[in-house]
Amino acid sequence: MLNRRQILGVGAASAALVSTNAWTKTTNMGLPEAALMETAATQPPLHPSTGPDYQPVVTLNGWTLPHRMNNGVKELHLVAEPVEREMAEGMTAYLWGYNGQSTGPTIEAVEGDRVRIFVTNKLPEHTSVHWHGMILPSGMDGVVGLSHPGIPPGKTFVYEFDLVKSGTFMYHPHADEMVQMAMGMMGMFIVHPRDPAFMPVDRDFLIMLNAFDIDPGSYVPKVMTMVDFNLWCWNSRLFPDIDPLVVNKHDRVRVRVGNLTMTNHPIHMHGYDFEVTCTDGGWVRPEARWPEVSIDIPVGAMRAYEFDAKYEGDWAIHCHKSHHTMNAMGHDIPTFIGVNKSDLTRKIRGLQPEYMPMGTAGMADMGEMEMPLPDNTVPMMSGWGPYGAIEMGGMFSVVKVREGLASDDYSDPGWFENPPGTQAYEWTGELPDLARAENARTTITPGRTRTKS
Ligand SMILES: [Cu+2]
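About the cut-offs
Residues numbered from 1 in each chain as written. Predicted model: local features only at pLDDT ≥ 70, side-chain atom pairs only at ≥ 80, totals over all residues. Helix = DSSP H or I, 4+ residues; strand = E, 2+ residues; numbered from the N terminus. Contact = placed C-beta atoms within 7 Å. Pairing = 2+ DSSP bridges. Axes fitted to C-alpha atoms, helices over the stretch in contact; angles between N-to-C directions. pLDDT = per-residue confidence, 0-100. Buried ≥ 20, exposed ≤ 12 C-beta atoms within 10 Å, placed from the backbone.

This part is about the overall build of the protein. Counting its regular elements, the protein contains six helices and 24 strands. Considering only contacts in the protein between residues 6 or more positions apart, those separated by 24 or more positions represent 74%.

Quick look at the structure:
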């Protein structure tokens, strides 16, 4: 027979069990509301309302998912669903994503937090969420068939784990992955250090590299494409409509870049050198860092780099694969450089007066031409700067460093005005005959220095 104390003990034990059981609690509390985002505009940083302070990230053309606290657990609600994403002005794609957008909302939490993430599946097939780079229990890892059964359409699964380390992580389905990722299902998961004094920055930007193959004039990605994608995006957005990275002069700036495409992307930023300070494996110790001006982001990986914003200006930031700074291009166009097409042009204009020959002097004229395009298509290269067409598309933006911006001001400050004497200019004096290398060679005497005093 149990005495009163033993009964109480049993009662306390079962109460403790109940309090760690997610289902019981959520039945009482109900599902956290699923926030939805209707716009592709960059949302202001979401400062923490509870717990340790941190500098929240800014996801270019994206947003951070709000959470609620439930008995010390951070609860979030992701909804996997078909979405309409404005990839650039004049072009919308029918994708799959989370909470109204692709890429999905950024998740932000703090090292040591326990998170409970509800995932509701509104797709026509099963899905799962893999928490890329996270240290967590095997059953929470989100590999369909291995970690747990797929989340059937219409059902909600719960992932719950402790965030044992800070850093930059990603999330994406590990279910029918080729299709679901080609459709745009991915997002980033930032775990801030518990100690706000650990590697603090003033601005912290997020870019997820992703790619689609959408024929000009159509809306749905071709999911069977393996290499030859035609839209190279940051957060499912294309230049000229990727927002700039607005930075206050003297800020310490971090840029975190994740890559869930099928190829590597050397991300090159002008005007600065910088150091890799974090990978999805963790923070890089100061003595292990080295300087770079381009950082290759491997497939399925993340690199974060940091710099002190010492130099004012408008600095290009882009993938250094030149085909990745183009939009919707066909790759089977012959090269016409040096070809005289005037005869042909005259004949075609007899039939079609508006015909324009392209590419005989290079392709730069593509940036300025207002060519008739099919509906729902972005020009191959476009975007206007203060001095003309920028002749870029795809994975391109501008880091705008300005003096005296307020700490949460990310609004576009317009174009940089170069101080007098600091801009390239046209030479209007006389042009001497240029010495050809061939002639130059004959004037060099072997074994002698070229310059005599
Ligand atoms: Cu690239």
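Two strands in a sheet stick together by hydrogen bonds in their backbones, pointing the same way (parallel) or opposite ways (antiparallel). The sheet built from five strands is open, its strands ordered β13-β24-β21-β15-β19 with mixed pairing. Looking at which strands have only one partner, the edges of the open sheet turn out to be β13 (245-248) and β19 (294-297). Adjacent strand axes in the sheet meet at a mean angle of 20°, parallel and antiparallel pairs treated alike. Relative to strand β24 (residues 396-402), strand β21 (residues 313-319) runs antiparallel, the two sharing six bridges. Following the sheet pairing, A316 is matched in β24 by V398.

The subject of this paragraph is the sheet that holds strand β10 (residues 187-192). The sheet built from four strands is open, its strands ordered β5-β10-β9-β7 with mixed pairing. Two strands bound the open sheet, and with one partner strand each, they are β5 (107-110) and β7 (130-132). The average angle at which neighbouring strand axes cross in this sheet is 25°, direction not considered. With four bridges connecting them, β5 and β10 associate as parallel partners. What sits directly across from I107, in β10, is F189.

Moving on: the confidence of the model for the protein. When pLDDT is averaged along the protein, the result is 86, and 83% of the positions lie at 70 or above. Across residues 1-28 the pLDDT falls below 50, and counting only partners more than four positions away or on other chains, this stretch makes eight contacts in the model.

Put simply, S102 and T103 share a cis peptide bond, and its omega is 0°. Within the secondary structure layout, T103 lies in the loop between β4 (91-98) and β5. Of note, the phi angle at N99 is positive, near 50°, even though the residue is not glycine. Relative to the elements of secondary structure, N99 occurs in the loop between β4 and β5. For N99, a count of 22 C-beta atoms within 10 Å puts it in the buried group.

Moving on: the environment of S236. One can find S236 in the loop between β12 (231-234) and β13. For S236, a count of 26 C-beta atoms within 10 Å translates into the label buried. Taking C-alpha positions, S236 is 7.3 Å from G184, a pair spaced 52 residues apart along the chain.

This part is about the pairing of strand β3 (residues 73-88). Most of β3 is tucked away, with twelve of its 16 residues classed as buried. The pairing of strand β2 (residues 68-70) with β3 spans three bridges and is classified as antiparallel. Pairing of M69 across the sheet is with K74, part of β3. Taken together, the eight bridges between β3 and strand β6 (residues 114-121) define a ladder with parallel strand orientation.

Mapped onto the secondary structure, E108 falls in strand β5. You can call E108 buried: it has 26 C-beta atoms within 10 Å. Not counting residues within four places of it along the chain, the set of residues in contact with E108 comprises L46, P56, V57, T64, I190 and H192.

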